[in-house]
Amino acid sequence: MSVLLDVQELQTRFRVRKGHVYAVNGVSFQLEEGETLAVVGESGCGKSVTMLSLVRLLPPAASIENGQVLLRGEDLLQIDQRQLRDVRGGQIGMIFQDPMTSLNPFINIGTQMAEPLIYHRGMSKKDALDRSAELLEMVGIPDGKARLREYPHQFSGGMRQRVMIAMSMSCEPAVLIADEPTTALDVTIQAQIVELVKELRDRSGVAVIWITHDLSVVAGIADRVIVMYAGYIVEEAPVDALFEDPRHPYTVGLMGALPSLGGETGTRLTTIGGSPPDLVDLPDFCPFHPRCPYAIDRCRTENPMLEPVAEASDRGHNAACWVDIRDVKVQTETDTAIAGG
Amino acid sequence: MTTQEITATSDIEIAEASRTNLWRDAVARLAANRLAVVAILPIVLLFFIAAFGPYLTPYDFLAQDFTARLASPSSEHWLGTDELGRDVFSRILYGARTAVSVGLVSTAISLIVGLVMGSLAGYLGGRVDMLVVWLTDVTRSMPALLLAIVINLTLKVPLEAWMEQMYLATKNTFFRQTMWVDLVLVFGALALIQWPGYARLIRGQILSIRSRNYVLAARALGMPTGRILTRYVIPNAMGPLIVAVSAGMGGAMVLESAFSFLGVGVQLPIPSWGKMISDGLRMWQTHPYLLVGPAVMMAVITVSFAWLGDGLNDALNPRQWGG
């Protein structure tokens, strides 16, 4: 497999009244052709900002300070607006968290779906509408042709997310970035959407970046996982290695917070106390140490780099932690059992 | 029993309404608003008179009947005649034309300017935004009537001189009709006074809509800025704008009357309600009908536009729809 997307030392910060908030701090990762990469972490960890930075869709207060985003060797941070528009929707498709508000309420579904096809593929309106009808049926909305004339408010949340997926996939992008696409949906619909994306991925070979804070979804869909905290990648591993052998205390904490079907009943779910910091300065300490049960003195004075873990069971397992957590026994219960697929 | 039936029917109606699009919903809601429906009648009538008035009037607006100066209302002159013996009813009908053209043209100009300026300010932000907001502040800091008077006093003479020169150069009689100068000045002044309101409204709307998810989604699909503005942002900003335009039309007509009343509006001999009220005021004790006719007309039209605007607001604002 070859590298499709190569992100190097990406740094994004927000301008606020008193200086800056550092949202993404030197994030580097690679995405291979056809691979599914999950990005996990709690709210405010820089997951979404990282992905919006890739296609420069950031709000005006944010700026990309450093880094490269190479899509098949071309740096997306250097190309002009016109080329960038061809990349957006053409080569990188995106779906967002809230399908209820992601469709324009004033335009019917058909016209809305036809737009990217007309714009990126130069199709005629009629061809684009025919194709849109096919796409609707492909994402599991029957009677696509008739539904093209309907408006967003006539669709349920799950169906709107299907429409969003159909739109983002319509121009056959190389990468699909899904920014918590199931968060706003109820559980049965979530599972359907995950299955739909898996099916489309297997059929088209699109590489997927799936942002989520739901580890159970990750286990079912991802090949590889990146765990983000305070704008840093704190752990990176193939999905099995991550679940079997997590090496960063934050990952361990996330898994402890996950309910398990197989575990004993009556045990309490563990939580990670506190919340992620807003970095107003680049830290010279591990940003997780105030919440970390394993923290040692070094964590307070030096920020660990992402490095390959000792005795890794699999290739490409990196973590940013000064402590080898296998050697330490802590009081808090860290049940690493996972919920099934 | 009856109440139950009524509730049942209205539930079905609501269910059916929800199957249509937002605009059709709004029309249905507007039709259910009695005040708005009542207000539509005079407005339609006004536009009809403005379009066909000259064919309906019993007399020409300039025709003077010196044998019947300041005549009281009679079967011959329904609303009497003024001091030059001109039929007041005919002049009111002609005045509708002035009112409507002023309302339409000045609203259209200020709307276009406001739409462009407000859209750019709201969508582009930064320096463009600061410049536009500064311009609206500067314009709004000057009292409307004072501004109109200043425009009239400073631009009228040079503009007439230019018209005269153009006439001498081209021999086109169009340039001899100085009433155009008045109209251009009145339209211009009204547009200048009104555009900041529209620009600010649009800017606010766009600031709010710009951060909506469907705009982000459209950008993520690679849609160009112009297309996002015209297809995603502006249509969604239309609701409050339609309300503002409806109220603004009435406002423009009142303002024009105020200009005419103060003598900086449309000049004689074009009939204008404001001018007629102004003239009538001098003799209201002896000949009240000179004042009453145009004043009642003005009041009815203004109130109608306000009611229609209110009805449109209720129909187009989802927060007003209620449970």
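Parameters and conventions
- Residues numbered from 1 in each chain as written.
- Chains lettered and ligands numbered in written order.
- Predicted model: local features only at pLDDT ≥ 70, side-chain atom pairs only at ≥ 80, totals over all residues.
- Heavy atoms only, no water.
- pLDDT = per-residue confidence, 0-100.
- Helix = DSSP H or I, 4+ residues; strand = E, 2+ residues; numbered from the N terminus.
- Contact = heavy atoms within 4.5 Å.
- Buried area = accessible area lost by both parts, 1.4 Å probe.
- Salt bridge = Lys/Arg side-chain N within 4 Å of Asp/Glu carboxyl O.
- Polar contact = N/O pair within 3.5 Å; in protein donor to acceptor, adjacent residues only side chain to side chain.
- Nonpolar A, V, L, I, M, F, W, Y, C, P; charged D, E, K, R; others polar.
- Pairing = 2+ DSSP bridges.
- Buried < 20%, exposed > 50% of the residue type's maximum accessible area, 1.4 Å probe, protein only.
- Disulfide = S-S within 2.5 Å.
- Expected span 1.5 Å × (residues − 1).
- Arc of directions from axis to C-beta.
- Patch = residues over 30% accessible without salt bridge, like charges linked within 9 Å, V, L, I, M, F, W, Y side chains within 5 Å.
- Areas by Shrake-Rupley, 256 points an atom, 1.4 Å probe, with all protein chains shown as cover.
- Right-handed = clockwise from strand over helix to strand, strands pointing away.

1. Considerations on the confidence of the model for chain A
Detailed reading of the predicted coordinates is not advisable wherever pLDDT falls low. Residues and elements named next belong to chain A. Taken as a whole, chain A shows an average pLDDT of 87; of its residues, 93% reach a score of 70 or greater. For chain A, per-element mean pLDDT is lowest for helix α8 (residues 215–221), which scores 87, and highest for strand β3 (residues 36–40), which scores 95. Contacts for the low-pLDDT stretch residues 331–341, under 50 throughout, to residues beyond four places or in other chains number 17 contacts.

2. Some words on the interface of chain A and chain B
Taken residue by residue, the interface counts 32 residues in chain A and 22 residues in chain B. Carbon and sulfur atoms make up 59% of the area that chain A and chain B hide from each other, which totals about 2,500 Å². Applying the counting rule to chain A against chain B returns two salt bridges. The residue A:Glu115 makes a salt bridge to B:Arg227 at a minimum N-O spacing of 3.1 Å. Our count for the contact surface shared by chain A and chain B stands at eight residue pairs in polar contact (both at pLDDT 80 or more). Breaking the side of chain A that touches chain B down by element, the ones donating at least two residues are β6 (92–95), α3 (109–121) and α6 (157–169) of chain A. Here the side of chain A that touches chain B takes seven residues from α3(A), the largest share from any one element. Partitioned by chemical class, the residues of the side of chain A that touches chain B number 16 nonpolar, ten polar and six charged.

3. Regarding the pairing of strand β4 (residues 62–71) of chain A
All names here are of chain A. With eight bridges connecting them, strand β1 (residues 3–16) and β4 associate as antiparallel partners. Considered in β4, the bridge of Val7 is made with Val69. Where β4 lies against strand β5 (residues 74–75), two bridges are found, and the strand directions are antiparallel. Counted as the bridge partner of Leu71 is Glu74 from β5. Hairpin connection, β4 to β5: the antiparallel pair is bridged by two residues, and Arg72 has positive phi, about 50°.

4. What to know about the pattern of salt bridges
Across all of its chains, the model carries 24 salt bridges over all chains by this definition. One salt bridge connects B:Asp129 with B:Arg203, and the closest N-O pair in it is separated by 2.5 Å. Here B:Asp129 is found in helix α5 (residues 126–141), whereas its partner B:Arg203 is found in helix α7 (residues 179–210), with 74 residues between them in sequence. Overall, B:Asp129 belongs to the buried group, its relative accessible area being 13%. A network of salt bridges, in which partner residues are shared, links A:Glu35, A:Arg224 and A:Glu236.

5. A short note on the state of the cysteines
In the structure shown here, the tally under the stated rule is zero disulfides over all chains. Left unpaired, A:Cys45 is separated from the closest cysteine sulfur, that of A:Cys286, by 12 Å.

6. Looking at the sheet that holds β1(A)
Residues and elements named next belong to chain A. Read across the sheet, four strands follow the order β2-β1-β4-β5 without closing on themselves; strand pairing throughout is antiparallel. Two strands lie at the open edges of the sheet, namely β2 (19–32) and β5, each paired on one side alone. Relative to β2, β1 runs antiparallel, the two sharing eleven bridges. Following the sheet pairing, Thr12 is matched in β2 by Val24.

7. Describing α5(B)
Residues and elements named next belong to chain B. In this model α5 runs 22 Å from its N-terminal to its C-terminal C-alpha over 16 residues, within 8% of the 22 Å that 1.5 Å per residue would give. Along α5, the positions that sit buried rather than exposed are Asp129, Val132, Thr136 and Thr139. One face of α5 carries all of its buried residues, which in axial projection span an arc of 100°. The exposed set on the far side of α5, more than 90 degrees from its buried face, consists of Gly126, Arg127, Met130, Leu131, Trp134 and Ser141. For α5, the elements touching its buried residues are α4 (88–124) and α7.

8. A short note on a nonpolar patch on the surface
Residue and element names in this part refer to chain B. On the surface, a cluster of nonpolar side chains totalling about 420 Å² of accessible area is made up of Ile112, Val116, Leu120, Leu124 and Val128. Examined against the element boundaries, Val128 turns out to sit in helix α5. Since its relative accessible area comes to 33%, Val128 is described here as partly exposed.

9. Focus on the side chain of B:Thr98
Residues and elements named next belong to chain B. For Thr98, the position within the fold is in helix α4. Residue Thr98 is classed as buried on the basis of its relative accessible area of 6%. With residues up to four places along the chain from it excluded, the contact list for Thr98 reads Glu256, Val266, Ile270, Pro271 and Ser272.

10. What about the pairing of strand β8 (residues 207–212) of chain A?
On a regular strand, each side chain points to the face opposite its neighbour's, so the side chains alternate between the two faces of the sheet. Residue and element names in this part refer to chain A. Counted residue by residue, β8 has six buried out of six residues, so it is predominantly covered. Burial along β8 is two-sided: Ala207, Ile209 and Ile211 and Val208, Trp210 and Thr212, pointing in opposite directions, are all buried. The sheet contact formed by β3 and β8 spans five bridges and is parallel. Paired with Val39 across the two strands is Ile211, which belongs to β8. As paired strands, strand β7 (residues 175–179) and β8 are joined by five bridges and run parallel to one another. Looking at β8, one finds that Asp179 is bridged to Ile211. You can see the chain leave β7, run along helix α7 (residues 187–204) and come back into β8, and the turn it takes is right-handed.

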